[in-house]
Amino acid sequence: MHETILVTGATGTVGNEVVKALSSEDVKVRAGVHSIIKGDRLKVFPNVDLVELDFARPESLKVAFTGVTRVFLVTPFTHNQVEIAKKLIDEAKQAGVKQIVRLSASGADAEPGIQLGRWHREIEKYLEITGIPYVILRPASFMQNFINFERTSIVQEGKIYQPLAEGKVSYIDAHDIAAVAKVVLTRPDFKNEILELTGPEAISVPEIAAVLTEVTGRTITYVDVPEQAARQVMSGIHTPDWMIDAMMELNYILKSGYGATITDTVEKITGQRARTFKEFAQQNADCFIPENL
Ligand SMILES: NC(=O)c1ccc[n+]([C@@H]2O[C@H](COP(=O)([O-])OP(=O)(O)OC[C@H]3O[C@@H](n4cnc5c(N)ncnc54)[C@H](OP(=O)(O)O)[C@@H]3O)[C@@H](O)[C@H]2O)c1
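Residues numbered from 1 in each chain as written. Predicted model: local features only at pLDDT ≥ 70, side-chain atom pairs only at ≥ 80, totals over all residues. Heavy atoms only, no water.

As recorded in an unreviewed UniProt entry, the protein goes by NAD(P)-dependent oxidoreductase and comes from Adhaeribacter arboris.

Novice: Just checking my understanding: could you explain the overall build of the protein for this structure?
Specialist: Helices and strands together make up the secondary structure of the protein, namely 12 helices and nine strands. A compact globule built from 293 residues should have a C-alpha radius of gyration of about 19 Å, and the protein, at 19 Å, falls within 12% of that. Principal-axis analysis of the C-alpha atoms gives the protein an extent of 55 × 40 × 35 Å. By residue count, 49% of the 293 residues in the protein fall in the buried class. Here the protein displays about 13800 Å² of accessible surface, and carbon together with sulfur accounts for 52% of that area. (Helix = DSSP H or I, 4+ residues; strand = E, 2+ residues; numbered from the N terminus. Rg over C-alpha atoms; globule rule 2.2 N^0.38 Å. Buried < 20%, exposed > 50% of the residue type's maximum accessible area, 1.4 Å probe, protein only. Areas by Shrake-Rupley, 256 points an atom, 1.4 Å probe, with all protein chains shown as cover.)

Novice: I keep staring at the pairing of strand S4 (residues 70–73) and nothing clicks. Help me out?
Specialist: Where a strand is regular, its side chains alternate between the two sheet faces. Residue alternation in S4 divides its side chains into two sets, Arg70 and Phe72 and Val71 and Leu73, and both sets are buried. Two strands pair when backbone bridges link them, and strand S1 (residues 4–7) and S4 are joined in this way by three bridges, in the parallel orientation. Directly across from Leu6, in S4, lies its bridge partner Val71. Chirality of the crossover, the property in question, places the unit of S4, helix H3 (residues 81–95) and strand S5 (residues 99–103) among those that are right-handed. (Pairing = 2+ DSSP bridges. Right-handed = clockwise from strand over helix to strand, strands pointing away.)

Novice: Mind showing me how you'd approach the environment of Val97 here?
Specialist: When you line up the elements, Val97 lands in the loop between H3 and S5. Its relative accessible area of 7% is what places Val97 among the buried residues. A sequence separation of 30 residues divides Val97 from Gly67, and the C-alpha atoms of the two residues are 8.3 Å apart. Discounting residues that sit within four places of it in the chain, Val97 has contacts with Phe65, Val68, Thr69, Arg70, Val71, Ala92 and Ile132. (Contact = heavy atoms within 4.5 Å.)

Novice: Which parts of the structure should I look at to understand the UniProt feature "domain: NmrA-like" (unreviewed entry) in the protein?
Specialist: Following the UniProt record, one finds the feature "domain: NmrA-like" (unreviewed entry) at residues 2–256. Secondary structure content for residues 2–256 is 42% helix and 17% strand, and the end C-alpha separation is 47 Å. (UniProt positions renumbered as here; feature names shortened; annotations may be inferred.)

Novice: Explanation requested: the nonpolar core in the structure shown.
Specialist: Soluble globular proteins: nonpolar side chains tend toward being buried together. If you look at the biggest cluster of nonpolar residues, it comprises 38 residues, and the most contacted ones within it are Val19, Phe72 and Leu137. When residues of this core are traced back to their parent elements, those giving at least two are S1, helix H1 (13–22), strand S2 (28–33), S5, strand S6 (134–139), helix H7 (174–186), strand S8 (193–197) and helix H11 (265–270). The element contributing the most residues to this core is H7, with eight residues. In this structure, Leu53, Phe55, Phe65 and Val82 belong to the second largest nonpolar core, which totals 27 residues. (Core = buried A, V, L, I, M, F, W, Y, C linked by side-chain atoms within 4.5 Å.)

Novice: Teacher, can you tell me more about the side chain of Glu150 here?
Specialist: Of note, Glu150 is situated in the loop between helix H5 (145–148) and helix H6 (151–157). It is Arg151 that comes nearest to the buried, bridge-free Glu150 among opposite-charge side chains, at 12 Å. Only 2.7 Å separates the side chain of Glu150 from the side chain of Gln162, close enough to count as a polar contact. The residues contacting Glu150, other than those within four sequence positions of it, are Asn145, Ile160, Tyr161 and Gln162. (Lys, Arg positive; Asp, Glu negative; His and termini not counted. Salt bridge = Lys/Arg side-chain N within 4 Å of Asp/Glu carboxyl O. Polar contact = N/O pair within 3.5 Å; in protein donor to acceptor, adjacent residues only side chain to side chain.)

Novice: Sorry, what's going on with the packing of helix H9 (residues 227–236) against helix H10 (residues 241–255) here?
Specialist: The description of two helices packed together rests on the angle between their axes and the distance between the axes. Across the interface, H9 lies against H10 with an axial gap of 10 Å and an inter-helix angle of 145°. Between H9 and H10 the crossing geometry is right-handed. Across from Glu227, Ala230, Arg231, Met234 and Ser235 in H9, the residues of H10 making contact are Ile244, Asp245, Met247 and Met248. For the contact of H9 with H10, the per-class residue count stands at five nonpolar, one polar and three charged. (Axes fitted to C-alpha atoms, helices over the stretch in contact; angles between N-to-C directions. Left-handed = near helix turned anticlockwise from the far one by under 90°. Nonpolar A, V, L, I, M, F, W, Y, C, P; charged D, E, K, R; others polar.)

Novice: What is the right way to read the site of the ligand from this model?
Specialist: In the region of the ligand, 22 residues are neighbours, and Thr11, Val14, His34, His120 and Asn145 sit closest. One of the side-chain N or O atoms of Thr11 is found 2.7 Å from an oxygen atom in the ligand. At 2.9 Å from a nitrogen atom of the ligand is found a main-chain nitrogen or oxygen belonging to Phe55. Computed on the free molecule, the ligand has an accessible area of 930 Å², of which 78% lies beneath the protein chains in the complex. Here the residues of the shell around the ligand are counted per class, giving 10 nonpolar, 10 polar and two charged. (Near = heavy atom within 4 Å.)

Novice: Would you take a moment to explain the layout of surface pockets for this structure?
Specialist: The computed volume of the second largest pocket comes to approximately 500 Å³. Lining the second largest pocket are 20 residues, and of these Asn16, Glu17, Lys20, Gln144 and His175 sit closest to its centre. Of all the secondary structure elements, the ones that give two or more residues to the lining of the second largest pocket are H1, H5 and H7. Per-element accounting of the lining of the second largest pocket gives the leading share, five residues, to H1. Each residue belonging to the lining of the second largest pocket can be placed in one class, and the counts come to five nonpolar, nine polar and six charged. Shared between two domains, the lining of the second largest pocket holds at least three residues of each, these being domain 1 (4–139) and domain 2 (144–171 + 200–260 + 275–293). (1 Å grid on protein atoms, 1.4 Å probe; cavity = no way out; pocket = protein on both sides within 12 Å on 5 of 7 lines; lining within 4 Å. Points joined across faces, edges and corners; volume = space filled by probe spheres on them. Domains from an automatic or database assignment.)

Structure follows, in structure tokens:
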């Protein structure tokens, strides 16, 4: 029988890569999308069906989980992510799902840790006691953050503004997270495991600016933003206080070097070394040139 794998957050950074990675496997992929229109670009992949999935609408959860055998569980960065994730796990249990692969985050088990990690750990613990076989992926910060959040200033001003000083981070490409997800969702030998996923190097934002300069041929420099100024900028664009606090806590630990640990888990599981930031930049060079903004 074919496995039917539900991917939540399927239009997001990691979900999209997981759908793409699974589409070449002998499984049915059900892409859970917030709105069918936004999910249009996923229709190009073979073996992929779209299902409307709104975390706020329980009836959409019921439909999305019916007949599903495995789940790749992503929840967005919201203040109620624990509540949302618990509902999704409950729904998976009711549907008789036989495996959940959960996208968590690096440092989720740190004590006392930071708010983002504590939320993730609460969800992990909830999953661990359900009895549903699980694999928890704890990735480092995504390389894609430099496209999703820094692209406009990189392209328009040749600058990356961040409050990270020289802090080195073992950034990971979402492509590699998806490569791991594909293996653990399609091979039977992964059960109740926690996998810490990082890129192959720890790199600072000034070093990232130098890589982007080399790859794009444009001068890109790093501007180290003081904490207070970073807070003011976020506040100026109406970022909620809880999110500013959570982001600044994260930035502080990354600046202090706590995000620099490197693991070889990606290579061990997929057989392929995780991508370096330079390889990611070469792969996505189009995103960093003015013509494509
Ligand atoms: N960014 C990092 O560096 C990093 C590092 C480690 C861990 N993480 C974790 O990764 C997770 C986020 O993954 P991501 O970056 O791939 O997500 P993302 O790109 O922010 O995408 C979020 C997805 O959730 C969907 N969504 C939002 N609200 C929804 C709702 N009410 N109902 C159904 N779907 C909804 C979005 O669809 P729409 O766009 O249509 O709303 C989108 O597909 C978070 O748990 C975060 O803590 C992030």
